[in-house]
Amino acid sequence: MVYNWINSIQSRLTPAFCLLCGHAAEQDLLCHTCRESLPLAESRCQRCAVYLPAPNASLCGHCISKPPPQDAAYAAFRYRPPVRSLLQDLKYNHRLHLANWLADRFCETLSASRHPIQVDCLIPVPLHPGRQRLRGFNQATELARRISRNLKLTMEAGCLQRRRATPKQTGLDMHARKQNLRGAFDLDKSRLPERCALVDDVVTTGATSRELATLLKNNGVKHVEIWSIARADAPG
Ligand SMILES: [Zn+2]
Ligand SMILES: [Zn+2]
């Protein structure tokens, strides 16, 4: 496919200069200083991966008062600059080599964390086919492919599909997001794994991943996690 070809060319042409600041980057996409400045999600809720200011807490208030459908969640970074611009660059400027780079950082932080790997299969959060055709790729699939290769897990990209293009979630409150997503996905029961992680580039409010986790759980998946490169902080 064309995008695979572009990706392989891009990854061979590793820029000599940092994508963020333009300084020398020695065989990497970012210079040492910019790489060190990435906002790691070191302290996070084990259930929804939202950033927790208290370093010893393991669950956020939301997950304590109303446990979400997923069993666990992991994010490598908080969704803040400069991670936000790297993810936007991947999606909107077709910088596909960033998918491998970000997936590698995800795996590094995961193995350095205490998060146990309790899944054997990764499922990328699907894009609507129309949107995927326009973009040429689904960033979640590109990320999941690399993570599954690094961690020796399988990837099942075909078991979830978007039935209809949902209007953009941006600007909608939690209730409107839920309504917007109702009935938006189809699943192929014959391909469902027992223990899986849904993979996405960024989780903002978590409405999409919760909807998908509920769907998987309702159809017999025993253990569902949500893995993302970045997780937005709780509002306020
Ligand atoms: Zn830099
Ligand atoms: Zn939580």
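For the structure itself, consult the block above.
My aim in this report is to walk through the structure given alongside it, one point at a time. Keep in mind that this is a model prediction, so the values were computed, not measured. (Residues numbered from 1 in each chain as written. Chains lettered and ligands numbered in written order. Predicted model: local features only at pLDDT ≥ 70, side-chain atom pairs only at ≥ 80, totals over all residues. Heavy atoms only, no water.)

**Structural notes on unusual backbone geometry**
Phase 1 of the analysis: The step from Pro81 to Pro82 runs through a cis peptide bond, and the omega angle for that step is 0 degrees.
Phase 2 of the analysis: Mapped onto the elements, Pro82 comes out in the loop between strand E1 (72-78) and helix H4 (83-92).
Phase 3 of the analysis: In this structure, Glu26 takes a positive phi of about 35 degrees despite not being glycine.
Phase 4 of the analysis: Take Glu26: it is sitting in the loop between helix H1 (2-12) and helix H2 (32-36).
Phase 5 of the analysis: We classify Glu26 as exposed; its relative accessible area is 72%.
Phase 6 of the analysis: The phi angle at Ala49 is positive, at roughly 70 degrees, despite the residue not being glycine.
Phase 7 of the analysis: Looking at the secondary structure, you find Ala49 in the loop between H2 and helix H3 (61-65).
Phase 8 of the analysis: Since its relative accessible area comes to 3%, Ala49 is described here as buried. (Helix = DSSP H or I, 4+ residues; strand = E, 2+ residues; numbered from the N terminus. Buried < 20%, exposed > 50% of the residue type's maximum accessible area, 1.4 Å probe, protein only.)

**A word on the coordination of the zinc ion (ligand 2)**
Phase 1 of the analysis: For the zinc ion (ligand 2), every protein donor is listed as Cys45 (SG), Cys48 (SG), Cys60 (SG) and Cys63 (SG), and the spread of their distances is 2.3 Å.
Phase 2 of the analysis: Because the angles between the four donor atoms bound to the zinc ion (ligand 2) fall within 105 to 116 degrees, the donor set is best described as tetrahedral.
Phase 3 of the analysis: Within one chain, the residues donating to the zinc ion (ligand 2) are spaced in sequence as C-x2-C-x11-C-x2-C. Taken as a pair, Cys45 in the loop between H2 and H3 and Cys63 in helix H3 lie far apart in primary sequence, 18 residues in all. There is no split in this pair, since Cys45 and Cys63 are both buried. (Donors = N, O, S within 2.8 Å, 3.2 Å for Na, K, Ca; no water. Tetrahedral: all angles 85-135°; square planar, octahedral: opposite > 155°, others 65-115°.)

**Points about the coordination of the zinc ion (ligand 1)**
Phase 1 of the analysis: Every protein donor of the zinc ion (ligand 1) is accounted for by Cys18 (SG), Cys21 (SG), Cys31 (SG) and Cys34 (SG), and the metal-donor separations fall at 2.3 Å.
Phase 2 of the analysis: Coordination at the zinc ion (ligand 1) is tetrahedral: its four donor atoms span angles of 104 to 117 degrees at the metal.
Phase 3 of the analysis: The sequence pattern describing where the donors of the zinc ion (ligand 1) fall on their chain is C-x2-C-x9-C-x2-C. Taken together, the positions of Cys18 in the loop between H1 and H2 and Cys34 in helix H2 put the pair 16 residues apart, joining distant regions of the chain.
Phase 4 of the analysis: On the basis of relative accessibility, which here comes to 13%, the residue Cys34 falls in the buried class.

**So, the packing of helix H5 (residues 97-112) against helix H7 (residues 139-151)**
Phase 1 of the analysis: At a minimum axis separation of 8 Å, H5 and H7 run at an interaxial angle of 45 degrees. When the interaxial angle is binned, H5 and H7 end up oblique. Our pair here, H5 against H7, has a crossing hand that is right-handed. Touching Ala99, Asn100, Leu102, Ala103, Asp104, Phe106, Cys107 and Leu110 of H5 are Glu142, Leu143, Arg146, Ile147, Asn150 and Leu151, all from H7. (Axes fitted to C-alpha atoms, helices over the stretch in contact; angles between N-to-C directions. Parallel < 35°, antiparallel > 145°, perpendicular 65-115°, else oblique. Left-handed = near helix turned anticlockwise from the far one by under 90°. Contact = heavy atoms within 4.5 Å.)

**With respect to helix H9 (residues 207-218)**
Phase 1 of the analysis: Here H9 is twelve residues long and its end C-alpha atoms lie 16 Å apart, about the 16 Å a rise of 1.5 Å per residue gives.
Phase 2 of the analysis: Within the span of H9, buried status applies to Ala207, Thr208, Ser209, Leu212, Ala213 and Leu216.
Phase 3 of the analysis: Two residues or fewer past H9, Gly220 is found with a positive phi of approximately 100 degrees. (Expected span 1.5 Å × (residues − 1).)

**Describing the nonpolar core**
Phase 1 of the analysis: Judged by nonpolar contacts, the single largest core of 38 residues is most densely connected at Leu87, Leu102, Phe106, Leu122, Ile147 and Trp227.
Phase 2 of the analysis: Listing elements by their share of this core, those giving two or more residues are E1, H4, H5, H7, strand E6 (195-203) and strand E7 (223-231).
Phase 3 of the analysis: The residue makeup of this core includes at least three contributed by each of domain 1 (1-37) and domain 2 (41-231).
Phase 4 of the analysis: Within the second largest apolar cluster, 20 residues are counted, among which are Ala49, Ile123, Val221 and Val224. (Core = buried A, V, L, I, M, F, W, Y, C linked by side-chain atoms within 4.5 Å. Domains from an automatic or database assignment.)

**Side note on the side chain of His223**
Phase 1 of the analysis: Relative to the assigned elements, His223 resides in strand E7.
Phase 2 of the analysis: Reaching out from His223, the side chain makes a polar contact with the side chain of Glu225 at a distance of 2.7 Å.
Phase 3 of the analysis: Excluding residues within four positions of it along the chain, His223 makes contact with Asp71, Gln118, Val119, Glu194, Arg195, Cys196 and Lys217. (Polar contact = N/O pair within 3.5 Å; in protein donor to acceptor, adjacent residues only side chain to side chain.)

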